[in-house]
Amino acid sequence: MKRICNVIFLLSIILFSCNNPEPKNERPNILFIMSDDHAYQAISAYDNRLIQTPNIDRIANEGIIFKNACVTNSICAPSRAVILTGKHSHLNGKIDNHSPFDTTQVTFPQLFKKAGYQTAMYGKLHFGNNPKGVDDFLILPGQGDYINPKFLGKDKDTVITGYVSDVITDLTLDWFKTKRDKNKPFLMMYLHKAPHRAWWPSPEKFAEFYEKKFPEPETLFDDYSGRGTAAKTAEMNILTHMQYMHDSKVRPSTMEEMGDVKPEIVYVRGDGSLMRPNASGFNRPFGRANEEQKAKYNVTLDKINNDFKENWPNMNDKEKMQWKFQRYMQDYLATISSVDDNVGRVLDYLDETGLDKNTIVVYTSDQGFYLGEHGWFDKRFIYDESFKTPLMIKWPNVIKPGTTSEEMVQNLDFAQTFLEAAMIDAPDDMQGESLIPIMKGDNDSWTREAVYYHYYEYPSVHMAKRHYGIVNKEYKLTHFYYDIDEWELYDRLNDPNEMNNVYNDPKYSEVVKKLSQDLKEMRVKYKDSEELDQSFIYNNK
Ligand code: SGN
Ligand code: CA
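The rules behind these values
- Here the residue numbers are simple positions, counted from 1 along each chain's written sequence.
- Written order decides the labels, with chains lettered from A and ligands numbered from 1.
- Residues qualify for local features only when their pLDDT is at least 70, as the model is predicted, and side-chain atom pairs are given and counted only at 80 or more; totals for whole chains, interfaces and linings, by contrast, use all residues.
- Side-chain measures here rest on the full set of heavy atoms in the structure, leaving out hydrogens and waters.
- Helical segments are the DSSP runs of H or I of at least four residues, strand segments are the runs of E of at least two, and each set is numbered from the N terminus.
- Whether a residue is buried, partly exposed or exposed follows from its accessible area with a 1.4 Å probe, protein chains only, as a fraction of its type maximum: under 20%, in between, or over 50%, in that order.
- Whether two residues touch is decided by their heavy atoms; if any such pair falls within 4.5 Å, the residues are in contact.
- Surface exposure here means Shrake-Rupley accessible area, sampled with a 1.4 Å probe, where a residue is shielded only by the protein chains that are shown.
- The pLDDT value tells you how sure the predictor is about a given residue, anywhere from 0 up to 100.
- Whether two strands pair depends on DSSP finding at least two bridges between them.
- Each axis is a line fitted through C-alpha atoms, taken for helices only over the stretch in contact, and angles between the N-to-C directions span 0 to 180 degrees.
- In this analysis a donor is any N, O or S atom within 2.8 Å of a metal ion (3.2 Å for sodium, potassium and calcium), and since water is not included, sites may seem incomplete.
- Angle rules define the geometry names used: all angles between 85 and 135 degrees makes four donors tetrahedral, while opposite donors over 155 degrees apart and all other angles between 65 and 115 make four donors square planar and six octahedral, leaving every other case irregular.
- Residues enter a nonpolar core if they are buried and are Ala, Val, Leu, Ile, Met, Phe, Trp, Tyr or Cys, with the set joined through side-chain atoms within 4.5 Å.
- Domain start and stop positions are those given by an automatic or database domain assignment.

Draft legend 1. The arrangement of the overall build of the protein in detail. Looking only at helices and strands, one finds 17 helices and 18 strands in the protein. Sorting the 541 residues of the protein into buried and exposed places 60% on the buried side. Within the protein, contacts between residues separated by at least 24 positions form 69% of all contacts whose residues are at least 6 apart in sequence. Carbon and sulfur atoms form 51% of the exposed surface of the protein, whose accessible area is close to 22,400 Å².

Below is the structure:
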């Protein structure tokens, strides 16, 4: 009899849990997906010329896509610090990749944890080893590795065999399946390393994408004649600054095979020391592969090598640029294809478990990236491809599927948006604005017309000069400073490729006057100033 009772009891539990798979929770879950250096040009919901990303697109199709989303400072760790604190770089102190992050600051995950959310983080944070306010985490040290990556954990560090995007996703899914507390809403930060330089795809995607050819951007051969000194002196040109071994993955057995290849560029670090990239740039990621992985990679690496040996000596500069651009796109987009597959795995899990119904899903990147526009790779500048960042959000029954927004929104706004969604009070000193009115289609409540931008990491790798500026839907006004004093104005509607600086064009004198005044006021509003600019100059430290 006791046995029968037990069976009935067990059956009723199973039946009950089948009918009620999730306890009812008023507050939404948040799945924050961020990749590293993912250009909006490489997401088909924005632009389908380069790649199809059907899974990332699902978020836009089922929710909202922001076409004018941007960052406040287009570089990795500073962007992450802005996202966590809801404050501009000059106030949170993480002005560049080198400066320390003050971990005594309030970050939004701490507020979520305090308010009863279960919090977790998997993947690339970029700084620190113990993210505050996070119950469970495994994060990559610094930039992390693509192949068989090491992770820093709460209790112990661990090296996991596999390809980084797959591994981060496995960890995330494992958390959902084995660690999630069904009685609490969750905040999951699922943070991809890809598609960060030096763009090592999985061996399978490496082989697949090596066979593809990609359309060149209109401005691949920009000579910077319509622009200022900063664009002319930056070291991010694909022909001149991309490295044969490290980036294009050419692996000559002797230096003679390199023919007329110029010695690789020398970089100046923030502290003034020199960095000379060489063959170790290639060996560092590849050296982590085991014999089985190496054998798979070698099939494609040999094809690249043979092609280089055979064709490079006969190419002119234009053809060399085109060759390097194709190599770049093949690897960059191959890494994105893995991110997209993996985002699909996580979205499928949410759908299958019914968790999707009360989960806000966000897809973004820490900033945009140049995919050959202006002849460039990398980011840093206020020019559109790196100033803007992908942003799409779905929230069933709140955001109407297929919504598009052109509003000027920023990564600065994320913390306050998530806090409002979770019904948690945001600290008064956060500087963003909740995006929830726009997400709900209440555009009249959104009054911001322009955003503020400030980039500091100079002198440093890629040599993009220090600058700050103001951007609205029509214009972009920027001041480049430190070792120059130059202003640039771009007419965003009439010159979307930003080829002509019209700052000194009399036709625009009224625009310059008005925007200069707006910029001044904006610096005051956000508590930025000349004094602060000076205090962040390395030599003065
Ligand atoms: C590395 C890259 C740079 C990149 C910075 C910052 N060089 O130094 O190209 O701009 O990271 O990137 S590499 O030789 O290591 O590939 S960030 O995303 O972390 O800001
Ligand atoms: Ca980045």
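Draft legend 2. Expanded view of the confidence of the model for the protein. Residues of the protein with pLDDT of at least 70 account for 89%, and the chain-wide mean is 91. The low-confidence segment residues 1-20 (pLDDT under 50) makes zero contacts with residues lying over four places distant or belonging to another chain. Contacts from residues 263-267, a stretch scored under 50 in pLDDT, to residues over four places away or in other chains number 24 contacts.

Draft legend 3. Representation of the sheet that holds strand β6 (residues 150-153) in the model. Taken together, the ten strands give an open sheet; going across it, the order is β7-β6-β5-β4-β8-β1-β11-β12-β2-β13, and neighbouring strands pair in mixed fashion. Looking at strand neighbours, the two that pair on one side only are β7 (158-159) and β13 (403-405), the edges of this open sheet. Two strands pair when backbone bridges link them, and strand β4 (residues 118-123) and strand β5 (residues 136-139) are joined in this way by four bridges, in the parallel orientation. Looking at β5, one finds that Tyr122 is bridged to Leu138. On top of the sheet, helix α2 (residues 54-62) reaches β1 (29-35), β2 (64-66), β11 (359-365) and β12 (391-394); it is set at about 65 degrees to β12, its chief contact.

Draft legend 4. Structural context of the coordination of the calcium ion (ligand 2). The protein atoms that coordinate the calcium ion (ligand 2) are Asp36 (OD), Asp37 (OD), Asp366 (OD), Asp366 (OD) and Gln367 (OE1), at distances of 2.1 to 2.8 Å. Geometry at the calcium ion (ligand 2) is irregular, judged from its six donor atoms and the angles of 49 to 176 degrees they form at the metal. Each donor residue of the calcium ion (ligand 2) lies on the same chain, and together they follow the pattern D-D-x328-D-Q. With Asp36 in the loop between β1 and α2 and Asp366 in the loop between β11 and α13 (384-387), this pair connects stretches of sequence that are 330 residues apart. In terms of burial, Asp36 and Asp366 fall into one category: buried.

Draft legend 5. Representation of the nonpolar core within the structure. Of all hydrophobic cores here, the largest spans 53 residues; its most connected members are Phe176, Met188, Val343, Tyr363 and Met392. Structurally, this core is a two-domain feature, drawing no fewer than three residues from each of domain 1 (28-198 + 332-450) and domain 2 (203-331). Once residues within four sequence positions are removed from consideration, Val343 is found in contact with Ile33, Asn55, Ile56, Ile59, Tyr190 and Tyr363. In terms of nonpolar packing, the next biggest core, distinct from the first, is built from 45 residues, Phe66, Ala77, Leu84 and Leu191 among them.

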